[in-house]
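Structure at a glance
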Amino acid sequence: MAIAAGITVSLTTRTRRCLSSISGNRIRFSSPITLQSNNLKFAIQCPSFRISMRIEAPEKGYLLNHKESGILHFVKYHGLGNDFILVDNRDTTEPKVTPDQAVKLCDRNFGIGADGVIFAMPGVNDTDYTMRIFNSDGSEPEMCGNGIRCLAKFIAELENSRGNRSFTIHTGAGLIVPEIQDDGKVRVDMGEPILKASDVPTKLPPNRDQSAVKSRLDVDGRAWNVTCVSMGNPHCVTFGTEQSQDLQVDELNLAEIGPKFEHHVMFPARTNTEFVQVFSPTHLKMRVWERGAGETLACGTGACAVVVAAVLEGRAARSCTVDLPGGPLDIEWSEKDNHIYMTGPAEVVFYGSVPL
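Quantities reported herein were computed from a predicted structural model and do not represent experimental measurements. (Residues numbered from 1 in each chain as written. Predicted model: local features only at pLDDT ≥ 70, side-chain atom pairs only at ≥ 80, totals over all residues. Heavy atoms only, no water.)

**Re the side chain of histidine 235**
Under the convention used in this document: The helix and strand labels rest on DSSP assignments: H or I over at least four residues marks a helix, E over at least two residues marks a strand, and numbering proceeds from the N terminus. Relative accessible area decides the class of each residue, using a 1.4 Å probe on protein chains only: under 20% of the type maximum gives buried, over 50% gives exposed, and in between gives partly exposed. Pairs of N or O atoms within 3.5 Å make up the polar contacts considered here, provided that, within protein, one atom can donate a hydrogen while the other can accept it, and that residues adjacent in sequence are counted only when both atoms are side-chain atoms. Contacts are assigned to residue pairs that have any heavy atoms within 4.5 Å of one another.
By the secondary structure assignment, histidine 235 is in strand 15 (residues 234-241). The class for histidine 235 is buried, based on a relative accessible area of 0%. Side chain to side chain, histidine 235 and threonine 301 meet in a polar contact 3.1 Å long. With residues up to four places along the chain from it excluded, the contact list for histidine 235 reads Val200, Thr227, Cys228, Val229, Thr271, Asn272, Glu274, Cys299, Thr301, Gly302 and Ala305.

Laid out in structure tokens, this is it:
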């Protein structure tokens, strides 16, 4: 959040030399500080003086209510460590950030750092809003489960709404309905899973009612058993190889094996890949290699696909807790309407602004 902080110090020649030696001549004494923090304190020390500063965060919504040409105001959120840059894009149907700019913004060393940029856009077909997202590599997925929980919280802030509230959101995966609950978590109706192999899409031959369930996939000289599910975006779920049915997911070198699944010839649109360990019929653990983002701390659509695959393979019940590196999600595949329901947190990290 843009915060103007005042410094009272006698800028003698010696003081300026000391500050210059610390900052490499990059301190601008008249510039405002762009930060988000509540009651942050810090100090710069030199042998001849001390500067102490107290920064008070202005009222909530300051950045979002200010429109400046060439400046992008944003809020960073995370859902179990899967982090996103949220942009208020309600005044136009075109994203305010290009895919190339998204790549730079998501860079964790030279940018803000995130797994993707999400835009809250005007709704279509009688929906409240439209969601679009650019991954950290600039590609555009159909939808993101953790991202839509963050978007719901972001929209609630934009609307200054409190308590239980639901929204209808148009996505590339169809209509999604997140509901903010009284405890602050977000429950999302993710719709029905897509199981027809050609619609996932995968080139693996169907082996159960047009679906690819526990099919053989050769990757890097090993035969893996995989089940293919789409939650509006493609997923390949594996519980192990033909030789070993019980994965120990913490032992996997995901950076090595993940890209080989993502770019496998059997997945014409590439794929997200979930590696799953079963603790009990209601308790699963997964690691994920996301299409366009690499290994992430959580993937909401992936957790949904994991429960569907586990049920189809006879490994789990329809209601499960799925442990991800960033924390747990509660997933239910309802027999009543065939919809998947995902419940989990979404939290603000910080507010900020950057020049474009």
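**Description of the nonpolar core**
Inclusion rule: To form a nonpolar core, buried Ala, Val, Leu, Ile, Met, Phe, Trp, Tyr and Cys residues must be joined to one another through side-chain atoms within 4.5 Å.
Formed by 59 residues in total, the largest nonpolar core has its most connected members in Leu151, Met286 and Ile331. Residues contacting methionine 286, with those up to four places away along its chain left out, are Glu274, Phe275, Val276, Cys299, Gly302, Ala303, Val306, Val322, Asp323, Leu324 and Pro325. In this structure, Ala212, Leu217, Val226 and Phe261 belong to the second largest nonpolar core, which totals 18 residues.

**Let's talk about the packing of aromatic side chains**
This is how the line gets drawn: Stacked, tilted and edge-to-face are the three classes assigned to paired rings of Phe, Tyr and Trp, where Trp is represented by its six-membered ring and a pair needs centres within 6.5 Å; plane angles under 30 degrees give stacked, over 60 edge-to-face, the rest tilted.
The final tally for this structure, using the stated rule, is seven aromatic pairs. Relative to phenylalanine 261, the ring of tryptophan 224 has its centre 5.4 Å away and its plane inclined at 80 degrees; by these criteria the two rings are edge-to-face. Placement of tryptophan 224 in strand 14 (residues 222-230) and of phenylalanine 261 in helix 4 (residues 254-262) is noted, with a sequence separation of 37 residues between them. The burial state of tryptophan 224 is the same as that of phenylalanine 261; both residues are buried. Ring centres of phenylalanine 261 and phenylalanine 275 lie 5.3 Å apart, and the angle between their planes is 85 degrees; on these two criteria the pair is classed as edge-to-face. Here the residue phenylalanine 261 occupies a position in helix 4, and phenylalanine 275 occupies one in strand 16 (residues 272-280), the gap between them amounting to 14 residues. Given the relative accessible area of 0%, phenylalanine 261 is considered buried.

Function cannot be inferred from these measures alone, as they are strictly geometric.
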